[in-house]
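# Fold and geometry: a report
Chain by chain, the residues run as shown.
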Amino acid sequence: MDETTPPPPPNEASPPPPPPITTSGSPTDFLKGVVGKRVIVRLTSGVDYRGVLSCLDGYMNIALEQTEEHVNGTLTNRYGDAFVRGNNVLYISAAEAL
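The notes below deal with the structure included here.

How each quantity is defined
- Residues numbered from 1 in each chain as written.
- Predicted model: local features only at pLDDT ≥ 70, side-chain atom pairs only at ≥ 80, totals over all residues.
- Heavy atoms only, no water.
- Core = buried A, V, L, I, M, F, W, Y, C linked by side-chain atoms within 4.5 Å.
- Buried < 20%, exposed > 50% of the residue type's maximum accessible area, 1.4 Å probe, protein only.
- Helix = DSSP H or I, 4+ residues; strand = E, 2+ residues; numbered from the N terminus.
- Pairing = 2+ DSSP bridges.
- Axes fitted to C-alpha atoms, helices over the stretch in contact; angles between N-to-C directions.
- Contact = heavy atoms within 4.5 Å.
- Polar contact = N/O pair within 3.5 Å; in protein donor to acceptor, adjacent residues only side chain to side chain.

Counting 13 residues, the largest nonpolar core has Val39, Val41, Ile62, Leu64 and Ile92 as the members making the most contacts within it. Looking at this core, the elements that each hand over two or more residues are α1 (27-34), β1 (38-43), β2 (48-56), β3 (62-71) and β5 (89-94). Per-element accounting of this core gives the leading share, three residues, to β1.

Here is the structure:
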């Protein structure tokens, strides 16, 4: 360091981290994006179904393939195909990065 360059101020804090990257879009855009991908479907009863989202309709009726049933985080059953009536669905979550 030479005489013309001032030393950095002591205890200089690093800049704040950038905000997390979020994707904006509607729920419809999300649902269209996860068709054919692995999802987690939580029912109002607390039971989770994990599998590949085959299709769904406007009533949130869901068809899953390669389905696993999880109760309290424990795998309880495996199904080839499963159909879930929409009024039982609490939420749908992507099980893999989009």
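Continuing now.
Taken in spatial order, the five strands line up as β4-β3-β2-β1-β5 in an open sheet, and their pairing is antiparallel. Of all strands in the sheet, those with a lone pairing partner are β4 (74-84) and β5, marking the two edges. Across the sheet, the axes of successive neighbouring strands diverge by a mean angle of 30°, strand direction being ignored. Bridging between β3 and β4 involves nine bridges; their strand directions are antiparallel. Residue Thr67 lies in a different strand from β4, and its bridge partner there is Tyr79. Against the sheet, α1 engages β1, β2 and β5, with an angle of about 60° to β5.

Consecutive side chains of a regular strand alternate in pointing toward one face of the sheet and then the other. Examined bridge by bridge, β1 and β2 share five bridges and lie antiparallel to one another. Residue pairing for β2: Arg38 is matched across the bridge by Val52. Across seven bridges, the pairing between β2 and β3 is antiparallel. Within β3, the position partnered with Leu53 by the bridge is Leu64.

What follows deals with the environment of Glu68. Mapped onto the secondary structure, Glu68 falls in strand β3. For Glu68, the side chain forms a polar contact with the side chain of His70, separated by 3.2 Å.

A word on the pairing of β3. Extensive coverage of β3 is indicated by the burial of seven of its ten residues. Connecting the antiparallel pair β2 and β3 is a turn made up of five residues, with Met60 showing a positive phi of about 70°. Once β3 ends, the chain turns through two residues before running back antiparallel as β4, passing Asn72 with a positive phi of about 55°.

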